[in-house]
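What the coordinates show
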There are 2 protein chains.
Amino acid sequence: MTWLHEFETRHGPTVRAVERALGRVEAIFTRAIGSDLECVRELCARVERYRGKMLRPAMTVLSGLAAAPEPDEERAERLARLAAVVEMIHVATLVHDDVLDEANVRRQRPTIRALRGNEAAVILGDYLISVAFHLCSSLEDQTVALRIGDVTSRVCSGELLQLSHRQSVALDEQTYREIIERKTASLIGVACEQGARLAGGPVEAQRALREFGVRLGVAFQIQDDLLDLVGDEAVVGKSVGKDLEKGKLTLPVIHHLAVAEPDRRRASLALMRAAWTGEALHGPAPGSVAGTATLVDARRELRLALDETGSLEYAADAADRSLGRAKAALAGLPESGAVALLHELAEATAGRQR
Amino acid sequence: MTWLHEFETRHGPTVRAVERALGRVEAIFTRAIGSDLECVRELCARVERYRGKMLRPAMTVLSGLAAAPEPDEERAERLARLAAVVEMIHVATLVHDDVLDEANVRRQRPTIRALRGNEAAVILGDYLISVAFHLCSSLEDQTVALRIGDVTSRVCSGELLQLSHRQSVALDEQTYREIIERKTASLIGVACEQGARLAGGPVEAQRALREFGVRLGVAFQIQDDLLDLVGDEAVVGKSVGKDLEKGKLTLPVIHHLAVAEPDRRRASLALMRAAWTGEALHGPAPGSVAGTATLVDARRELRLALDETGSLEYAADAADRSLGRAKAALAGLPESGAVALLHELAEATAGRQR
């Protein structure tokens, strides 16, 4: 039983089909990352816990079902393998992201870098990327490997674009959208597109499902960035305030800096710089570790400022609009349990109620 | 004109054929890593300088020529693409290695991490791996992608095995060989094997050339590890003493610890620990940065100790033997300019005279 259980009453047969498929994906994932070396196996066992909800595999499998129902055994195996590839690349980026972000907590657990250091995390990420490509090449259909190779380099280019704007207060919304489209949305888009293609779905369905995945990915990333500013670490399950600390400007901050009055803007910039540099805001906070107190204070004060200019709302609206476009992309597909469940999963992952 | 020029008098036609091929490899490499983003292009321009001698592409192309002479245009293109893939994966591992080793100099120039920080270096390495796999999948023959995916994860497993023995004075020669076979030799082996295969060479030639590549890789890595202990940074062109500083035991040290008298062994272990921890050896060295002075001193003293037990000689002999096995693997191939040049390149890269 997985988190999909909550959709069981309305979408029983589809949920059960996806859960069966996810069981297969897990088995493929585990077998693929297996190694003859104990030290590799031990790290892989830890990284398997990163898998969490397996949202991307679920989307991949559902895209296949939505584009062409009634899968035979061979098709189900192909889809599961694609889904495992997508999840493995996603997990690899998480492992490397935690190095870049110096994050110590993910899914309520210590990260690989926190447990084993940055070096193990860098190499383990490389290992996962390599295994994913190997698994991908084991599919007869070479187009998948080409699309996955292409999108993975696109994900990296998005990360590099973000890095090149680190601590740049001139970052505009268009560039922010370019970054999140590349680093987050493109992989989900390809997962849905190729899921539809491997299932034998028509080109229009492949296009519609890619659009769905991309728009959902954008909505999801905007929400995720919001949580980094307003979420509670215990609830979110990973380190928060990291974007602020690392000088990554996200949509609420970009909006705020664009609309705030000059005095307010100056004060917010001072808060951000304090978070970047770890400098004290108003003299040292008594009885607490200086850097931590500064970040927590800066985050709290900035949140109030963002709220004043309606910037948190602006970002939540932007996520809503992208989510709306994702759902609209499904309109051309024949009605089915899979399409209905894609709607619900999209709402559950990128909607306001999270 | 490349470094191959020195072999021109004896192997003129072969050298010119390889140089033409390397020109093609460079063009493919540069085109493949190209991006629509300025920030990515700028990093890629820097990383192209990591390419250096393009030893792996030269070995790939020569393996093709050795296994099946008279390549046609189509075959030459396939070989060049494979060679570019191998070089790109090699360069990606260098970029990540520099992060792991905190190295600031490579090929007489500052490393990506020194110039742009660890984050840019981690993502750039991921980008290069992804582009390499994409390029690999553009070959019609899927076996190449499978072999490259497989060997790349093997390279990572070797790095993880090495990491798991960090600062372990119990590391034995067998495990050391397992590490270098995986992390260095396996990629050269596959490059030679697949070069022979893509050229249409028989299975025996593919096997012989893989054996050649693996043995050469082992010899090369033992020599490279020796240079880290005894080489001069200005000559070697990259940071030295890194293995010692990072707690990586290499063959001379492993041999030394196995054969040294108890007192000598204890003293050497103290030197190694001083290098690992950055602690002063005999009190602070006046007028110099403490950590640096300690490493330089520890390296010098340890070198003397390694020489006393014949451990430097032991490692050089081991490299020679592996080089001998590499050359012996070529014996079954029909005589040709390509085979003769492979002999010479092996000697030039892993022989004592470097």
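This section reports on the structure supplied with the text. (Residues numbered from 1 in each chain as written. Chains lettered and ligands numbered in written order. Predicted model: local features only at pLDDT ≥ 70, side-chain atom pairs only at ≥ 80, totals over all residues. Heavy atoms only, no water.)

**Overview of the interface of chain A and chain B**
The extent of an interface is frequently quoted as the accessible surface area lost upon association of the parts. What counts, and what does not: Should any heavy atoms of two residues lie within 4.5 Å, those residues are counted as being in contact. Buried area: the accessible area, evaluated with a 1.4 Å probe, that two parts lose upon being put together, summed over both parts. Here a salt bridge means any side-chain nitrogen of Lys or Arg lying within 4 Å of a carboxyl oxygen belonging to Asp or Glu.
At the interface, 40 residues of chain A touch 40 residues of chain B. The contact between chain A and chain B buries some 3,700 Å² in all, and 72% of this surface belongs to carbon and sulfur atoms. When the buried area of chain A at its contact with chain B is split by residue, Glu119(A), Ile123(A) and Leu160(A) rank highest and sum to 18% of it. Put simply, chain A and chain B have four salt bridges between them. Between Arg166(A) and Glu119(B) there is a salt bridge; the shortest N-O distance is 2.9 Å.

**Here we look at the nonpolar core**
Short version of the rule: Definition used in this section: a nonpolar core is a set of buried Ala, Val, Leu, Ile, Met, Phe, Trp, Tyr and Cys residues joined via side-chain atoms within 4.5 Å. Using a 1.4 Å probe on the protein chains alone, a residue whose accessible area is under 20% of its type maximum counts as buried, one over 50% counts as exposed, and one in between counts as partly exposed.
By size, the foremost hydrophobic cluster in this structure holds 246 residues, and its most contacted members are Leu128(A), Ile148(A), Phe212(A), Leu128(B), Ile148(B) and Phe212(B). Contact partners of Leu128(A), with chain neighbours within four places excluded, come to Ile33(A), Val47(A), Met88(A), Val91(A), Ala92(A) and Val95(A).

**What to know about the packing of helix α4 (residues 73–100) of chain B against helix α7 (residues 173–198) of chain B**
Describing two packed helices takes the angle between their axes plus the distance from one axis to the other. Residues and elements named next belong to chain B. We count it as follows: Axis angles are defined between N-to-C directions and span 0 to 180 degrees, where every axis is a line fitted to C-alpha atoms and, for a helix, only to the segment in contact. Helical segments are the DSSP runs of H or I of at least four residues, strand segments are the runs of E of at least two, and each set is numbered from the N terminus. Oblique is the label for every angle not falling under 35 degrees (roughly parallel), over 145 degrees (roughly antiparallel), or within 65 to 115 degrees (roughly perpendicular).
Where α4 meets α7, the closest approach of the two axes is 10 Å, and the angle between their N-to-C directions is 170 degrees. The pairing of α4 with α7 is recorded here as roughly antiparallel in orientation. Judged by residue contacts, Arg75, Arg78, Leu79, Leu82, Val86, Ile89 and His90 of α4 engage Leu187, Ala191, Gln194, Gly195 and Leu198 from α7.

**Things to note about the relation of the copies chain A and chain B**
Convention followed: The least-squares superposition of copies is restricted to C-alpha atoms, and to residues with a pLDDT of at least 70 in both copies.
Of the transformation placing chain A onto chain B, the axial shift is 0.0 Å and the rotation is 180 degrees, giving an RMSD of 0.0 Å. Both copies are brought into coincidence by an operation consistent with a two-fold rotation axis.

**Remarks on the packing of aromatic side chains**
To be explicit about the condition: When the centres of two rings from Phe, Tyr and Trp lie within 6.5 Å, Trp using its six-membered ring, the rings pair. Their planes under 30 degrees apart give stacked, over 60 give edge-to-face, and anything left gives tilted.
Scanning the entire structure with this criterion turns up one aromatic pair over all chains. Considering the side-chain rings of Phe133(A) and Phe133(B), the 4.2 Å spacing of their centres and the 15 degrees angle between planes classify their relative orientation as stacked. Highlighted residues: Phe133(A) in helix α5 (residues 112–137) and Phe133(B) in helix α5 (residues 112–137), drawn from two different chains. A single burial state applies to Phe133(A) and to Phe133(B), both of which are buried.

**Observations concerning the packing of helix α4 (residues 73–100) of chain A against α5(A)**
Residues and elements named next belong to chain A. Selection rule: Crossing chirality is assigned from the near helix's rotation relative to the far helix, an anticlockwise turn below a right angle marking it left-handed and a clockwise turn marking it right-handed. Throughout this entry, Asp, Glu, Lys and Arg are counted as charged residues, while Ala, Val, Leu, Ile, Met, Phe, Trp, Tyr, Cys and Pro are counted as nonpolar. The remaining residues, Gly among them, count as polar.
Running from N to C, α4 and α5 point in directions that differ by 155 degrees, and their axes come no closer than 8 Å. Comparing their axes, α5 and α4 come out roughly antiparallel. The way α4 lies across α5 gives a crossing that is left-handed. Contacts between α4 and α5 involve Arg81, Ala84, Val85, Met88, Ile89, Val91, Ala92, Val95, His96, Asp98 and Val99 from the first element and Arg113, Asn118, Ala121, Val122, Gly125, Asp126, Leu128, Ile129, Val131, Ala132, Leu135 and Cys136 from the second. Looking at the contact of α4 with α5 residue by residue, the classes come out as 16 nonpolar, three polar and four charged.

**Some remarks on the state of the cysteines**
Linking two cysteines covalently through their sulfur atoms gives a disulfide. Residue and element names in this part refer to chain A. Rule in force here: Disulfide: a pair of cysteine sulfur atoms within 2.5 Å of each other.
The tally for this structure, following the rule as stated, stands at zero disulfides over all chains. There is no disulfide at Cys192, and the cysteine sulfur nearest it, in Cys136, is 16 Å away. With relative accessibility at 0%, the residue Cys192 sits in the buried group.

**Looking at helix α11 (residues 251–259) of chain B**
Taken across its nine residues, α11(B) has seven buried, putting it largely inside the fold. Among the residues of α11(B), Leu251(B), Pro252(B), Val253(B), Ile254(B), His255(B), His256(B) and Leu257(B) are the ones counted as buried.

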